[in-house]
Amino acid sequence: MKPMALAAALLAAAIATRAPAQDQPGRDLPQALGMDVTLQTDADDTDVVRVGVNLDADYQGPEEYLGLRLERVWFNPLDRGWKDRERVYLRAADSLDGWKWAATIGTDGDTVLGSASVHDEARFRKELFVERDLLETPEGLDRGLYYTFAGAAIDRPANDRNLVTLVAGVQEFTGDNVRLHARANFIHVLDPEQGLSAQVRTRWFRNSVPREADYYSPRWYAQVLPVLQLRRTTDDGWRYLLAGGIGLQRDSDSGWRRSGYLNAQVTTPPVTDGWALTAGALYTDTPTASGLGYRYFQASIGVVRAF
């Protein structure tokens, strides 16, 4: 069965199972149509353009939905020419017994792709996550190299003003390389009413087979990054995020050097009948999740029409 037909069949089966619990007699399930565009570029002249369309047959809001995602991605690795890929996903999100989960699982016709996560809302927050995607390098596109990254995170509040977040993960690449990840973030709330915090973000990873392919993979990598963050939600539901910092990073092949980070996001109030918009920009000169190089920039915009 082709990917599109398979996803449509899975969606139809899921809706048939879900409808009696969610629907009311004589009322159709709420629906939504969404579209998002993401542009990425880095210092190695690797450009990526990602366009996605979400078709939700059941949309209760940004944390409860069921539908299809159709995606087309254009890659230009090292400025060697554009190549494109098509993907189709089944996407869903909901909550159960105090846990919230979300999953976007699909295929590019060759292998399973996507991501999934589950977390609770307790003061001692726990999260599990997994993601799988294509390596956006020349060898990744030509040879079909993928990575799978799975891990867990916990938030441990010391008091109302101080929080520690710990993350541990394992990332397996096509081939023999396995990367171990560890992260620790220390957060001190400077002004709770304004959503202002000072943070120290630390990160470390180690590759079992360094330089196995053409993605960034030294024997080990480490980073220390102080960050100042402003996160606010207004009374009418608008959400804003502005974060930035300058720190240090190094790997097994070089000494300490500067590390920079800037992140800005804005999201309109969530809706179940009407329009919603989200936009963001990210700059960093540290490796991305797939281990790619430095000075990475990403801009994205998404719109949802619920009806």
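Residues numbered from 1 in each chain as written. Predicted model: local features only at pLDDT ≥ 70, side-chain atom pairs only at ≥ 80, totals over all residues. Heavy atoms only, no water.

To continue, consider the overall build of the protein. Of regular secondary structure, the protein possesses two helices and 16 strands. Burial status across the protein gives 40% buried among its 307 residues. Pairs at least 24 apart in sequence give 46% of the contacts found in the protein among residues at least 6 apart. Per element, the accessible surface of the protein, about 16000 Å² overall, is 58% carbon and sulfur. (Helix = DSSP H or I, 4+ residues; strand = E, 2+ residues; numbered from the N terminus. Buried < 20%, exposed > 50% of the residue type's maximum accessible area, 1.4 Å probe, protein only. Contact = heavy atoms within 4.5 Å. Areas by Shrake-Rupley, 256 points an atom, 1.4 Å probe, with all protein chains shown as cover.)

This brings us to the nonpolar core. In this structure, Val48, Val73, Phe75, Tyr89, Leu113, Leu134, Leu141 and Tyr146 together form the largest nonpolar core, which totals eight residues. Those residues in contact with leucine 141 that lie beyond four places of it in its chain are Phe75, Pro77, Lys83, Arg85, Leu134 and Leu135. (Core = buried A, V, L, I, M, F, W, Y, C linked by side-chain atoms within 4.5 Å.)

With that settled, consider the packing of aromatic side chains. Two aromatic rings are characterised by how far apart their centres lie and by the angle between their planes. For the structure shown, the criterion picks out six aromatic pairs. Each ring, one from phenylalanine 173 and one from tyrosine 215, has its centre 4.3 Å from the other, and the planes form 15 degrees; the classification is stacked. With phenylalanine 173 in strand 9 (residues 162-173) and tyrosine 215 in the loop between strand 11 (196-207) and strand 12 (220-233), this pair connects stretches of sequence that are 42 residues apart. In this structure phenylalanine 173 comes out as buried when scored by relative accessible area, which is 3%. Over the ring of phenylalanine 124 we find arginine 156, and its NZ or CZ is 5.1 Å from the ring centre. (Phe/Tyr/Trp six-rings, centres within 6.5 Å; stacked < 30°, edge-to-face > 60°. Lys NZ or Arg CZ within 6 Å of the ring centre and 35° of its normal.)

Both strand 13 (residues 239-251) and strand 14 (residues 254-267) contribute to a ladder of 12 bridges, which runs antiparallel. Within the sheet, the bridge partner assigned to leucine 241 lies in strand 14 and is glutamine 265. If you look at the hairpin formed by strand 13 and strand 14, you'll find two residues sitting between the two strands. In this antiparallel pair of consecutive strands, strand 14 and strand 15 (residues 274-284), the connection spans six residues. (Pairing = 2+ DSSP bridges.)

A word on the pattern of salt bridges. Counted according to the given criterion, the structure contains 19 salt bridges. Between lysine 100 and glutamate 63 there is a salt bridge; the shortest N-O distance is 2.9 Å. Taken together, the positions of lysine 100 in strand 5 (residues 99-107) and glutamate 63 in the loop between strand 2 (47-61) and strand 3 (64-76) put the pair 37 residues apart, joining distant regions of the chain. One salt bridge connects arginine 257 with aspartate 251, and the closest N-O pair in it is separated by 3.4 Å. For arginine 257, a relative accessible area of 26% puts it in the partly exposed group. One salt-bridge network, in which partners are shared between bridges, spans Asp36, Arg50, Arg69, Glu71, Arg87, Asp133 and Glu136. (Salt bridge = Lys/Arg side-chain N within 4 Å of Asp/Glu carboxyl O.)

The next point concerns unusual backbone geometry. Backbone geometry at aspartate 79 places phi at a positive 55 degrees, although glycine is not the residue there. If you trace the backbone, aspartate 79 turns up in the loop between strand 3 and strand 4 (83-96). Judged by its relative accessible area of 53%, aspartate 79 falls in the exposed class. Unlike most non-glycine residues, aspartate 97 shows phi in positive territory, near 50 degrees.

Attention now goes to the environment of valine 189. Here valine 189 is to be found in strand 10 (residues 178-191). In sequence terms valine 189 and asparagine 162 are 27 residues apart; their C-alpha atoms lie 6.3 Å from each other. Once residues within four sequence positions are removed from consideration, valine 189 is found in contact with Asp160, Arg161, Leu196 and Ser197.

This part takes up a nonpolar patch on the surface. Where nonpolar side chains cluster on the molecular surface, the patch consists of Met35, Trp275, Leu277, Ile301 and Val303 and spans about 490 Å² of accessible area. For the nonpolar patch, the secondary-structure elements that each account for two or more residues are strand 15 and strand 16 (296-306). (Patch = residues over 30% accessible without salt bridge, like charges linked within 9 Å, V, L, I, M, F, W, Y side chains within 5 Å.)

Before going further, it helps to spend a moment on the side chain of glutamine 40. Checked against the element boundaries, glutamine 40 lands in strand 1 (residues 32-41). In terms of polar contacts, glutamine 40 uses its side chain to reach the side chain of tyrosine 296, at 3.2 Å. Non-local contacts of glutamine 40, meaning those with residues more than four positions away in its chain, are made with Thr46, Asp47, Val48, Arg50, Glu136, Tyr296, Phe297 and Gln298. (Polar contact = N/O pair within 3.5 Å; in protein donor to acceptor, adjacent residues only side chain to side chain.)

Turning next to the confidence of the model for the protein. Of the residues in the protein, 89% reach a pLDDT of 70 or more, and the chain-wide mean stands at 90. In this model, residues 20-27 is a region of pLDDT below 50 whose contacts with residues beyond four sequence positions or in other chains number eight contacts. (pLDDT = per-residue confidence, 0-100.)

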